[in-house]
Amino acid sequence: MKYVSTRGNAPVLDFEQVTLAGLASDGGLYLPESWPSFTTEQIAALKGASYVDTAVAVMTPFVGDSLTAEDLRALCTQAYGRFAHGAVTPLVQLDHQHWLLELFHGPTLAFKDVALQLLGLLFERFLSGSERHIIVVGATSGDTGSAAIDALAGRAGVDIFMLHPKGRVSDVQRRQMTTVLAPNVHNIALEDASFDDAQALVKAMFNDPSFSSRFALSAVNSINWARLMAQVVYYFYAAVRLGAPERPVAFAVPTGNFGDVFAGYVAAKMGLPVAKLIVATNVNDILHRALSEGDYSQGVVVPTPSPSMDIQVSSNFERLLFDLGGRDGAALSGQMLGFEATRAMRLTNAQRDGASALFTSDRIDLDEMSLAMRWACEHAGEVIDPHTAIGLAAARRASLPADVPVVTLATAHPAKFREPVERATGVRPTLPARIGDLFDREERYASLPGTFEAVTAYIAERAVAK
Ligand SMILES: Cc1ncc(COP(=O)(O)O)c(C=O)c1O
Ligand SMILES: N[C@@H](CCOP(=O)(O)O)C(=O)O
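The paragraphs below set out a description of the structure included in this document. (Residues numbered from 1 in each chain as written. Chains lettered and ligands numbered in written order. Predicted model: local features only at pLDDT ≥ 70, side-chain atom pairs only at ≥ 80, totals over all residues. Heavy atoms only, no water.)

## Points about the packing of aromatic side chains
Phase 1: Going through the model one piece at a time under the given rule, you end up with 19 aromatic pairs.
Phase 2: An angle of 15 degrees between the planes, with centres 5.1 Å apart, marks the rings of Tyr 296 and Phe 317 as stacked. Linking Tyr 296 in strand β11 (residues 295-297) with Phe 317 in helix α13 (residues 317-324), this pair joins segments that are 21 residues apart in sequence. The pair Tyr 296 / Phe 317 is uniform in exposure class, with both members buried.
Phase 3: The ring of Tyr 237 has Arg 241 sitting right over it, with the charged end atom 3.9 Å from the ring centre. (Phe/Tyr/Trp six-rings, centres within 6.5 Å; stacked < 30°, edge-to-face > 60°. Helix = DSSP H or I, 4+ residues; strand = E, 2+ residues; numbered from the N terminus. Buried < 20%, exposed > 50% of the residue type's maximum accessible area, 1.4 Å probe, protein only. Lys NZ or Arg CZ within 6 Å of the ring centre and 35° of its normal.)

Here you go:
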């Protein structure tokens, strides 16, 4: 499998290269040069398959020659062996039509672990036997940071610099990052910044030749293709359990950077019968406006009780626009450069029509989010986190035929967001025993102004050069 950049002007790479590269050198994002396709029989053969078996089957076409089948299986077995549930991503039924797909049974209690546990092992595998030392730079609104740090802490050949917006992640999320004291982990709290500012700084580091030529930069955000590839798996795993390939299934996805729901789009392109992908946003609703009105214009980020979705520039939307716009790198590059200059763009008719065939969207406000948490607790006995609640609220409001199962992606454990959960439901979720002492652990992080100069100077002082 070969990978091409959305902006059409970067080298074509194989899977190993694309995993280590992260962002494309032309500022674009990599994606496969064509979508692998599964027949109905191949999907039916996944019935009863374990999570690891499903993962191997779904990811094999993407890894190409970079890993043998045995290697891929061994890495998946190791990555998913750390999950606290035997099904890895279990389904829980809420009522006759609605299910939760619990993606938070990994080490750091959010869906990010599904991909990042594997990505950490892929980095190790691809770096082993070489002298290379990679510098991972990442941005987090709370969950990617802890999952990436857990996956990379103490690994040889890697340093990780993780930027989070100071005061805009939950206390549990912050401590899950800042209490990891391994020498290769560097947490940076950006003062007066949003996640979007942090993400823009990360992209600027890749795009700045004088900085990026000094270090072997790599990415753990969903700009890295390998992240999305691993997330495609649970769409297959869930849909097959609910009747695919004979019965189409809809998914409601709490959305911010558009990575998780883009993985659903990839699953559909591969032949999985997906009835609808419901993109659920909080009041930071750039994606809802883009999908419902064609208006992709950046608003001011409003802090909410679902901080991981407080995002107004959704990196992976570029991948969708590229694919829907006929994969014209030059045209997409022009569209994205226009957005970068004016912070606004209109979707083309082809992009809008293409998106509306599969996607629908909704914007969920604070009251609707709390009501969904209360409904899940009172009617199904499930305590859910604010992000999941946004997905569930949109799922319950979507108009879908009654015979289509609707799966809401449960993206985080409620204990990561104890205050809003307790306010809505009266239940204060407890931290799982393995991190029960989180609030007794020592924290370490640097507070920096959110400027390119301050952050790159800090990294350059500590990072191993090429
Ligand atoms: C708990 C949680 N839910 C939903 C999202 C949104 O996912 P995505 O950014 O892939 O759209 C995030 C952050 O990515 C998250 O951490
Ligand atoms: N919600 C994320 C934001 C970054 O998203 P990513 O999927 O691109 O890594 C977070 O929790 O950090």
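## Some details on the site of ligand 2
Phase 1: Neighbouring ligand 2 are 13 residues, the closest being Thr 140, Asp 143, Thr 144, Ser 222 and Asn 257.
Phase 2: Note that an oxygen atom of ligand 2 is positioned 2.8 Å from one of the side-chain N or O atoms of Lys 112.
Phase 3: At 2.8 Å from an oxygen atom of ligand 2 is found a side-chain nitrogen or oxygen belonging to Arg 227.
Phase 4: Within the complex, the protein chains bury 95% of what would otherwise be the 340 Å² of accessible surface of ligand 2.
Phase 5: Looking at the shell around ligand 2 residue by residue, the class counts come to two nonpolar, eight polar and three charged. (Near = heavy atom within 4 Å. Polar contact = N/O pair within 3.5 Å; in protein donor to acceptor, adjacent residues only side chain to side chain. Areas by Shrake-Rupley, 256 points an atom, 1.4 Å probe, with all protein chains shown as cover. Nonpolar A, V, L, I, M, F, W, Y, C, P; charged D, E, K, R; others polar.)

## What to know about the site of ligand 1
Phase 1: In the vicinity of ligand 1, 15 residues are found, and the nearest of them are Lys 112, Asp 143, Gly 256, Asn 257 and Thr 411.
Phase 2: Interatomic distance of 3.2 Å between a backbone N/O atom of Gly 259 and an oxygen atom of ligand 1.
Phase 3: One of the side-chain N or O atoms of Ser 308 is found 3.4 Å from an oxygen atom in ligand 1.
Phase 4: For ligand 1, whose free accessible area comes to 380 Å², the fraction covered by protein is 98%.
Phase 5: Across the shell around ligand 1, the residue classes tally to five nonpolar, seven polar and three charged.

## Digging into the pairing of strand β7 (residues 185-191)
Phase 1: Burial analysis of β7 places six of its seven residues in the buried class, the great majority of the element.
Phase 2: Here six bridges tie strand β6 (residues 158-165) to β7, and the two strands are oriented parallel to one another. Pairing of Pro 165 across the sheet is with Leu 190, part of β7.
Phase 3: The parallel pair β6 and β7 is bridged by helix α7 (residues 171-178), and the resulting crossover is right-handed.
Phase 4: In terms of strand pairing, β7 meets strand β15 (residues 446-449) through four bridges, oriented parallel. Bridge pairing in β15 links Ala 189 to Ser 447. (Pairing = 2+ DSSP bridges. Right-handed = clockwise from strand over helix to strand, strands pointing away.)

## Quick word on the pattern of salt bridges
Phase 1: All told, the structure shown has 21 salt bridges when counted by the stated rule.
Phase 2: One salt bridge connects Lys 416 with Asp 143, and the closest N-O pair in it is separated by 2.7 Å. With Lys 416 in the loop between β14 (406-410) and α18 (418-425) and Asp 143 in helix α6 (residues 143-152), this pair connects stretches of sequence that are 273 residues apart. In terms of burial, Lys 416 and Asp 143 fall into one category: buried.
Phase 3: Here Asp 285 makes a salt bridge to Arg 289, at a shortest N to O gap of 3.0 Å. The burial state of Asp 285 is the same as that of Arg 289; both residues are buried. (Salt bridge = Lys/Arg side-chain N within 4 Å of Asp/Glu carboxyl O.)

## So, the side chain of His 186
Phase 1: You can see His 186 is positioned in strand β7.
Phase 2: In this structure His 186 touches Asp 159, Ile 160, Phe 161, Met 162 and Arg 462, once residues within four positions along its chain are discounted. (Contact = heavy atoms within 4.5 Å.)

## Digging into the nonpolar core
Phase 1: Formed by 112 residues in total, the largest nonpolar core has its most connected members in Tyr 80, Trp 225, Phe 251 and Phe 359.
Phase 2: Tallying contributions element by element places helix α10 (residues 225-241) first for this core, with 14 residues.
Phase 3: With residues near it in sequence (within four places) discarded, Trp 225 still touches Tyr 3, Phe 15, Val 18, Tyr 30, Leu 31, Pro 32, Trp 35, Phe 62, Val 266 and Arg 319. (Core = buried A, V, L, I, M, F, W, Y, C linked by side-chain atoms within 4.5 Å.)

## Section: the sheet that holds strand β10 (residues 274-281)
Phase 1: Taking strand neighbours across the sheet as the criterion, the six strands line up as β3-β4-β14-β9-β10-β13 in an open arrangement whose pairing is mixed. What marks the edges here is a single partner per strand, and that holds for β3 (91-93) and β13 (359-363). Going from strand to strand, the sheet's axes swing by 25 degrees on average, the running direction of each strand aside.
Phase 2: Inspection of the sheet shows β3 paired to strand β4 (residues 98-102) by three bridges, in the antiparallel sense. Paired with Val 92 across the bridge in β4 is Leu 100.
Phase 3: Seen against the sheet, α10 touches β3, β4, β9 (249-254), β10 and β14 and runs at an angle of roughly 140 degrees to β9. (Axes fitted to C-alpha atoms, helices over the stretch in contact; angles between N-to-C directions.)

## Looking at helix α4 (residues 69-80)
Phase 1: With twelve residues, α4 should reach 16 Å at 1.5 Å per residue; the first-to-last C-alpha distance of 16 Å fits that figure.
Phase 2: For α4, the set of buried residues is Leu 72, Leu 75, Cys 76, Ala 79 and Tyr 80. Looking straight down α4, one finds that the buried residues subtend no more than 115 degrees of arc, so they occupy a single side.
Phase 3: Looking at the packing, one finds that the buried side of α4 touches α3 (51-63), α5 (112-127) and α10. (Expected span 1.5 Å × (residues − 1). Arc of directions from axis to C-beta.)

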